[in-house]
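For reference, the chains in residue letters:
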Amino acid sequence: MSKIIKHHTNHQEAITKDKTIFGFWVYLMTDLLMFGVLFASYAVLHGNIFNGPSGKEIFDLPFALTETIILLTSSFTAGLAIWAMRNNDKNQVLLWFGVTFLLGLSFLILELTEFHKLVTEGNSWQKSAFLSSYFSLVATHGLHITAGLFWMLITLIKVKSKGLTEGLSRKLTLISLFWHFLDIVWIFIFTIVYLMGAI
Amino acid sequence: MEQFILGRLTWDSLPHEWFTLGGTCAFVVILLGVAIFLTRVKRWKWLWMEWLTSTDPKKIGIMYIIIAFLMFLRGGLDVVMIWLQQTIGTSNAPGYLGATHGYLSADHFQQIFTAHGDIMVFFVTMGFLFGLINLIVPLQIGARDLAFPFLNSLGFWLYFAGVVLINMFFVLGGAFAATGWLAVAPLSELQFNPGVGVDYWIWSLQVSGLGTLVGGINFVVTILKMRAPGMSLMRMPMFTWASLMGMILVISIFPILAMTMILLTLDRYLGMHFFTLDNGGNAMMYWNLIWMWGHPEVYVLIIPVFGIYSEIVSTFAQKKIFGYTSLVVAVGGITLLSFSVWLHHFFTMGAGADVNSFFGIMTMWIAIPTGVQIINWLFTMFRGKIIFKSPIYWFFGFVSTFTFGGMAGLLMALPPVDFQVHNTLFLVAHFHTMIVGGALFGIFAGFTYWFPKVFGFKLNERLGKYAFWTWLVGFFLSFVPLYILGMMGAVRRMDTYSPSLGWQPLFTVSLIGACIIMVAVGLQILQVIVSIIQRRENRDLTGDPWNGRSLEWATSSPPPFYNFAVIPQVHSRDAFWEMKKSEENKQHPKGATSSERTGLREAAHSVVAYEDIELPKNTPMGIYLSGFIFLFGLAMVWHAWLFVIIGLVGAIWCVISRTFDENTEYVLTAAEVEKIEKKNKS
């Protein structure tokens, strides 16, 4: 009897997991559309520099490349963490997500440094339509990173105390999906904003 | 410090004009009345436990419809004010009632038509549709609840928060946006609209739009993942198909709306330059973005309604739907094409002949799948035995008005013609024909059709037919003059005109039509009241009052909170019809009467073994979360930063505590299910 119940619960959990992950994918696609609008407005407005600086004058390619490498690495470590999660290795999960968190945090600090530099040089978002769209696009990505870090931190604290329960493992899976998604968006930002802007 | 707490809100901004004061008083009186009534009958706890915190899609659906109906009356009041103004608002010479410039100021008039448009689209039509989809789709696919029951509750409460926000200026003062329902830039920029009006618009729609998006994701996942065993995609009822397509549209376009409003917000709050006239902003980008959302949005309003008509035609013609596959393809085609026509809303932008031709041709293309659907419905009725009940009346009304309005739309798809009638009352008449004669009639049809399923008794037929005829006459009487006026050059959003133009008689006819529509709405209200009083005579004990075809009729009316004691196994399209037919063949070779059908249903249930059912617990978290988001939105309107922070922190706290709550479901044991089923039968 207990075996049947157990089987039943496992089945239910599998369905819940399936629904949740699919639902999260759908959410990610809607989020992608929000970025799509930002990319589109950047594409329309990036030439409207209106006495302000152009992209070529303000973008620092080596700096952006550093950010990119850090974020890509964090995506890799998030993958390692999920691998450890599948092996049910709690300490490895904490370790690799911990590394991911630190990498994400350093990416965020670098981004804020860049923003700070631009604003103090007098090139804030109020200067021109180009800068408005640049700041909005990059900062929206940054806000997502912030939310992701926050979410990761709370989940990891829970994992530390409760272990890798079904619910928490599901959340870790979603976090890693979110993180890879942000990585992909960043690759587009790096290409369209920084690389194409620097030429 | 005071600035930090209250922002722009001062004593002077509280309502002091007659219309806001009147609104405030009306609100306070209504709320007090409801509160006193609830206290009198001691129903506060019941309301909170059974309804407000419910995660049951049937209850959420009913709440959606109640709020949407209240907003329908509110938006209808706006209509009367608009029409009255346009009828008596001729300048120079005293018009009717001795008024010279109508009775409203231009600014007030603008606020009214803006509010009318937003309320009717976002809070009435969308509200009604989400209500019907909540009520019926889970039943049609044989599911017990939605994929994410909590998100459904949250979606409703965010919608409600939007409803309250758009009416908030009655209470806190200020004004509503005077920009037209889409708040197009640069008019909605700080330079031209520094007040709180546009901010009310932004936050009301942002909050309710978030709710719509959450609901859209929920229904897509539900329909794709939670269908009863055996129900493949091509066995889904047409209403489920149409809802799926509508919800796919929702999740594809509401992110665009959200981001467009965020960009406008950034312009207004942080001094950015997306749509401003200075510093390189591009106002036309706003038009493109808002209509990239806006055109598919009108299909969000109409596509689920197509599904309602498909169900009704098939049921009342007593035939399976003609050309099911072509209907599915047509709905899918409309869904896809709706993304490629947005520019026809501004042919006059000056994009050039090539661009205009492209969008003109794409627009005409949409007529093809739409025509396919209409032909499918007509062929379904062909050689069918049509039962003339009020839902099918609404369908006939719809076919005539919708085809009529669609032809007007095709005319405007030609850019040269559009240049003549752009932003005239011709356009206004066109889209009202589509949304009222199409979407709203379908909502009324669906409401009448599914009412017995939800409440267990039918609506009064005679009053329903009276309401239909009054609606139809009133509708044509009020909108045909607008087509003519539009041809004569009367522009939309016009509060005054010269009497020498000779438009006043036509406007007067239009106003009379509006009054007839008011009578029709009165008849509908009367219909519901009379039906409630006579509910004993019209009770539906079979669960299948119309001899229906899809699974929602396979359970009792009203359905138990778990929908189905045993999840049905689906073998074909029109699943319930096939079940009935195979049972009839076994037991009554010559067909069965309705009371025999009850027996059939019971027979089908008597031998089954019940099993444990997992159901979502009720939760107040949706109310708390949307309450904080409401506070955030309202505080943003007034720049009251302290409350912005409180709202934001509160919302984040709610999200965290909900995501880590593992205890969200309960189990209804097989024994309990059996007890409830037995009680329902006796």
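Residues numbered from 1 in each chain as written. Chains lettered and ligands numbered in written order. Predicted model: local features only at pLDDT ≥ 70, side-chain atom pairs only at ≥ 80, totals over all residues. Heavy atoms only, no water.

Structural notes on the overall build of chain A
Moving on, step 1. Counting its regular elements, chain A contains six helices and zero strands.
Moving on, step 2. Going from the N terminus to the C terminus, chain A shows its helices and strands as α-α-α-α-α-α.
Moving on, step 3. The dimensions of chain A, computed from C-alpha atoms along their principal axes, are 75 × 30 × 25 Å.
Moving on, step 4. Burial statistics for chain A: of 199 residues in total, 50% are counted as buried.
Moving on, step 5. Sequence separation of 24 or more characterises 81% of the internal contacts of chain A that already satisfy a separation of 6 or more. (Helix = DSSP H or I, 4+ residues; strand = E, 2+ residues; numbered from the N terminus. Buried < 20%, exposed > 50% of the residue type's maximum accessible area, 1.4 Å probe, protein only. Contact = heavy atoms within 4.5 Å.)

Some remarks on the domain arrangement of chain B
Interface size, as often reported, equals the accessible area lost upon joining of the parts.
All names here are of chain B.
Moving on, step 1. By domain assignment, chain B separates into domain 1 (1-317) and domain 2 (541-612).
Moving on, step 2. If you average the C-alpha positions of domain 1 and of domain 2, the two centres end up 38 Å apart.
Moving on, step 3. Between domain 1 and domain 2, the contact holds 21 residues from the first and 23 residues from the second.
Moving on, step 4. When the two sides are added together, the surface that domain 1 and domain 2 hide from each other amounts to roughly 1800 Å², 55% of it contributed by carbon and sulfur.
Moving on, step 5. For the domain 1 face of the interface with domain 2, the top three residues by lost area are Leu139, Arg144 and Arg235, together amounting to 36%.
Moving on, step 6. In this assembly, domain 1 and domain 2 are joined by zero salt bridges.
Moving on, step 7. Between domain 1 and domain 2 we count 12 residue pairs in polar contact (both at pLDDT 80 or more) in total.
Moving on, step 8. When contributions to the side of domain 1 that touches domain 2 are tallied by element, the ones reaching two or more residues are helix H5 (106-140) and helix H10 (283-316).
Moving on, step 9. Among the residues forming the side of domain 1 that touches domain 2, the class breakdown is 11 nonpolar, five polar and five charged. (Domains from an automatic or database assignment. Buried area = accessible area lost by both parts, 1.4 Å probe. Salt bridge = Lys/Arg side-chain N within 4 Å of Asp/Glu carboxyl O. Polar contact = N/O pair within 3.5 Å; in protein donor to acceptor, adjacent residues only side chain to side chain. Nonpolar A, V, L, I, M, F, W, Y, C, P; charged D, E, K, R; others polar.)

A short note on the nonpolar core
Moving on, step 1. Counting residues in hydrophobic clusters, the biggest one holds 265 residues, and the most contacted among them are Tyr134 of chain A together with Trp471 of chain B.
Moving on, step 2. Among the elements that line this core, the one with the most residues is helix H9 (residues 238-270) of chain B, at 21 residues.
Moving on, step 3. Here this core gathers at least three residues from each of two domains, domain 1 (1-317) and domain 2 (541-612) of chain B.
Moving on, step 4. In this view, Trp471 of chain B contacts Phe72, Trp394, Val436, Leu440, Phe441, Phe444, Ile517, Ala520, Val521 and Gln524 of chain B; residues no more than four positions away in its chain are not counted. (Core = buried A, V, L, I, M, F, W, Y, C linked by side-chain atoms within 4.5 Å.)

What about the environment of Arg658 of chain B?
All names here are of chain B.
Moving on, step 1. Structurally, Arg658 can be placed in helix H21 (residues 641-659).
Moving on, step 2. Judged by relative accessible area, which is 19%, Arg658 ranks as buried.
Moving on, step 3. For the pair Arg658 and Gly622, spaced 36 residues apart in sequence, the C-alpha to C-alpha distance is 9.3 Å.

Section: a nonpolar patch on the surface
Moving on, step 1. A surface patch of nonpolar side chains, about 540 Å² in accessible area, is lined by Ile66, Leu70, Leu73, Ile525, Ile529 and Ile533 of chain B.
Moving on, step 2. Put simply, the parts of the chain that give the nonpolar patch at least two residues each are helix H4 (57-88) and helix H17 (504-533) of chain B. (Patch = residues over 30% accessible without salt bridge, like charges linked within 9 Å, V, L, I, M, F, W, Y side chains within 5 Å. Areas by Shrake-Rupley, 256 points an atom, 1.4 Å probe, with all protein chains shown as cover.)

Digging into the side chain of Thr260 of chain B
All names here are of chain B.
Moving on, step 1. Tracing the sequence through the fold places Thr260 in helix H9.
Moving on, step 2. With a relative accessible area of 0%, Thr260 lands in the buried category.
Moving on, step 3. In terms of polar contacts, Thr260 uses its side chain to reach the backbone carbonyl oxygen of Ile256, at 2.6 Å.
Moving on, step 4. What Thr260 contacts, discounting residues up to four positions off in sequence, is Phe275, Tyr286, Leu289 and Ile290.

Let's talk about helix H11 (residues 324-337) of chain B
Residue and element names in this part refer to chain B.
Moving on, step 1. For H11, which comprises 14 residues, the first-to-last C-alpha distance of 20 Å matches the rise-based estimate of 20 Å (1.5 Å per residue) to within 8%.
Moving on, step 2. Within the span of H11, buried status applies to Tyr324, Leu327, Val328, Ala330, Val331, Gly332, Ile334, Thr335 and Leu337.
Moving on, step 3. The inward-facing, buried residues of H11 contact H9, H10 and helix H12 (353-381). (Expected span 1.5 Å × (residues − 1).)

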